[in-house]
Amino acid sequence: MIKARVSAENPDANLGPYDQTRKGFSWAEEEKRYGIEHAARINIVTESVDRWAGESDARDRAALLFEQGGEVRTYSYRKLRQESCQWANLLHDYGLQPGERLFIFLPQCPETYLAMIGCARLGVIFCNLFSTSTYGEMEVRIRDARPAAILTHPDLAEQLPADAMESVRWVFLTRGPLPGALPNEVLVENRPGRMPPEFDNPLLPRRGPLYLNYTSGSTGTPKGIVHAHQDLLGMGATARYVLDLSPGTLLWTEADPAWVTGTVYGVFAPWLCGATLLVQGDPFSASNLYRTLEKHGVEVWYTTPTTIRHLVEEGEDLPGRYDFSRLRHVATVGEPLVPDLFYWGLRNLGHSLHDTWWMTETGVICLANYPSMDIKPGAMGKPVPGLEAAVLDEEGEPAPPMTMGELAIRLEWPGLMCALWGDEERYEQYFRVPGWFLTGDMVLRDDEGYYYHQGRTDDLIKVGGIKMIGPYEIEHVLYMHPAVAEAAVISKGGDPGSGKSSVKAFIVLNPSFSPSNRLSQEIRAFLRANLSREIAVRDISFIDQIPKTRSGKILRRVLRAKELGLPGGQPLNLQD
Ligand code: WTA
């Protein structure tokens with residue numbers, strides 16, 4: 001047990017004594033903070049950016065610091081309001097309507113942020129895509145969400161599938177020259193600056209959609225998770241209690257806005273708190289990371305175990321050369337924060353790393369270690385105030401302490417997704433047990449209420465510690481290879497060195513092909529060419545038959561069990 005950073009009795013402790021805070025917490029009180037009690041219509045931008053931009057002592061405070069190549073661009077709350085209003089006016093002039101989708105397909109740059117806020121003002125649903133997304137990934141998502149417009153950069157235009165763009169009325173480009181290959185290209189580089197700096201935000205239904213974020217399931221196509229304006233309540237509360245944000249706090253969330261962590265804690269949550277958000281647009285290096293923490297005097301840093309693992313690889317000499325005296329709180333998300341990484345942080349950064357758990361579907365942090373709570377290294381902490389969690393057994397009944405079961409969160413809370421884009425049936429699957437949201441994560445809880453992560457109930461593969469992909473996305477590419485008759489892909493678990501899941505593909509060949517080392521190499525090269533860079537399939541095995549259920553679902557867990565020598569690797573009885 002590691003002692004809490006701030007004593008729970010200290011009046012400055014952001015959570016105070018855990019049980020007491022939980023008891024005293026109510027969502028109604030949260031609504032009062034924003035003056036939106038019982039409001040049927042709200043707008044997240046009014047409660048975040050505009051609220052501070054309208055206060056004389058806050059409007060000149062930095063809302064966003066964007067650093068790239070050593071240059072820092074500063075946006076005060078006032079400037080952020082003005083420029084995002086100009087974006088809203090621009091999108092409005094191009095006829096974008098509430099409920100329509102704008103795809104934002106850009107590397108991290110200020111335009112990403114301005115366009116997101118601009119959309120939120122209008123009620124246009126924004127959807128951020130990783131700039132590393134491939135042609136195939138873009139195609140699936142464009143066909144599914146049917147965006148009215150896409151905002152991108154000419155360098156990425158090649159990844160846009162010309163054949164799947166029927167819904168797209170405009171392709172906005174942040175820079176020239178225009179590629180000349182896409183429908184209705186519009187150069188927007190200097191356009192927002194010429195638009196009116198005011199925009200009257202419409203109030204939108206509280207459950208009205210704010211953003212769409214694609215995440216993958218183990219079967220089927222990626223899921224488009226839809227989040228609403230009312231998420232602001234959960235975002236604000238968790239940002240205060242878990243990330244310890246107050247007006248003026250300097251927060252660095254590394255995540256790209258195409259990952260939900262970036263959309264929530266790297267955009268709206270800090271602005272709901274009046275904090276200052278730092279965005280670093282340079283590629284990762286350990287020295288640049290330490291320099292960033294020092295140079296900007298970062299106070300709160302929201303990072304990932306993958307980043308910490310990269311720092312570990314660069315050795316223990318480096319951190320000692322930098323001054324982290326302004327840093328007061330570090331939290332991580334996305335994958336297990338194993339005790340080794342925790343202790344490394346304690347030794348080299350002088351801080352306890354505070355693990356947090358949530359998922360795209362939950363919209364906000366659900367379990368966390370708080371600054372005012374003692375930490376058990378390896379544990380994900382306890383539920384945030386306002387949320388009730390449980391470990392459910394296979395019958396959907398609460399399991400006793402120290403028993404593995406599925407993590408479930410009691411319905412419902414402001415933050416929970418409001419829909420799966422165009423897939424009601426799959427959406428309902430999350431609510432199979434009445435009264436609960438089922439997470440698909442296996443956990444156990446000790447008798448003091450701390451939760452421990454045990455893995456996924458399905459077969460998702462985590463790449464680069466950030467992006468979650470389903471085996472389906474890799475199998476889909478494999479099926480395009482002429483030699484492949486059938487394919488199944490599994491994760492063999494995280495590689496402790498790189499943090500990436502090690503991925504293995506099982507392949508049944510078409511009759512005219514026979515297994516060979518050369519064919520294996522050729523298929524791997526084919527995968528490299530057709531998948532995004534983070535995904536590495538290291539291992540290929542040619543087999544005669546893929547184990548499946550009667551209804552034809554691939555039994556990936558059987559393959560995995562066999563591969564890892566675990567019980568459950570005998571498919572025969574399952575097939576019957
Ligand atoms: C996993 C991330 C272990 C989990 C915000 C979850 C974690 C999935 C942790 C969601 C953690 C997230 N320890 N595993 N602290 N946090 N996960 O949708 O399996 O990208 O279901 O959202 O990441 O990933 P997603």
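Small disclaimer: the values here were computed from a predicted structure and weren't measured. (Residues numbered from 1 in each chain as written. Predicted model: local features only at pLDDT ≥ 70, side-chain atom pairs only at ≥ 80, totals over all residues. Heavy atoms only, no water.)

J.: Give me the site of the ligand: which residues, what numbers.
T.: The environment of the ligand is formed by 20 residues, the closest being Trp259, Asp355, Thr356, Thr360 and Asp441. Trp259 places a polar side-chain atom, nitrogen or oxygen, 2.8 Å from an oxygen atom of the ligand. For the ligand, the protein covers 96% of the area, taking 540 Å² as the surface of the free molecule. Contributing elements (two or more residues each) for the shell around the ligand: α9 (260-272), β16 (353-357) and β23 (451-456). Of all the elements, β16 adds the most residues to the shell around the ligand, at three residues. Considering only residue class, the shell around the ligand consists of ten nonpolar, five polar and five charged. For the shell around the ligand, the two domains that each supply at least three residues are domain 1 (18-445) and domain 2 (462-573). (Near = heavy atom within 4 Å. Polar contact = N/O pair within 3.5 Å; in protein donor to acceptor, adjacent residues only side chain to side chain. Areas by Shrake-Rupley, 256 points an atom, 1.4 Å probe, with all protein chains shown as cover. Helix = DSSP H or I, 4+ residues; strand = E, 2+ residues; numbered from the N terminus. Nonpolar A, V, L, I, M, F, W, Y, C, P; charged D, E, K, R; others polar. Domains from an automatic or database assignment.)

J.: Tell me about the packing of helix α6 (residues 110-122) against α9, residues and numbers included.
T.: Orientation of α6 relative to α9, taken along the N-to-C sense of each, is 65°, at an axis distance of 12 Å. Here α6 runs over α9; the crossing is right-handed. Contact residues: α6 offers Tyr113, Met116, Ile117 and Ala120, while α9 offers Thr263, Gly266, Val267, Phe268 and Trp271. Its residues assigned to classes, the contact of α6 with α9 comprises seven nonpolar, two polar and no charged. (Axes fitted to C-alpha atoms, helices over the stretch in contact; angles between N-to-C directions. Left-handed = near helix turned anticlockwise from the far one by under 90°. Contact = heavy atoms within 4.5 Å.)

J.: Could you give an account of a negative patch on the surface, with specific residues and numbers?
T.: Together, Asp393, Glu394, Glu395 and Glu397 give the surface a local cluster of negative charge. By relative accessible area, Glu397 is classed as partly exposed at 45%. (Patch = residues over 30% accessible without salt bridge, like charges linked within 9 Å, V, L, I, M, F, W, Y side chains within 5 Å. Salt bridge = Lys/Arg side-chain N within 4 Å of Asp/Glu carboxyl O. Lys, Arg positive; Asp, Glu negative; His and termini not counted. Charge placed at Lys NZ, Arg CZ, Asp CG, Glu CD. Buried < 20%, exposed > 50% of the residue type's maximum accessible area, 1.4 Å probe, protein only.)

J.: Let's hear about the domain arrangement of the protein: which residues, and what values?
T.: As assigned here, the protein comprises domain 1 (18-445) and domain 2 (462-573). The straight-line distance from the C-alpha centre of domain 1 to that of domain 2 is 31 Å.

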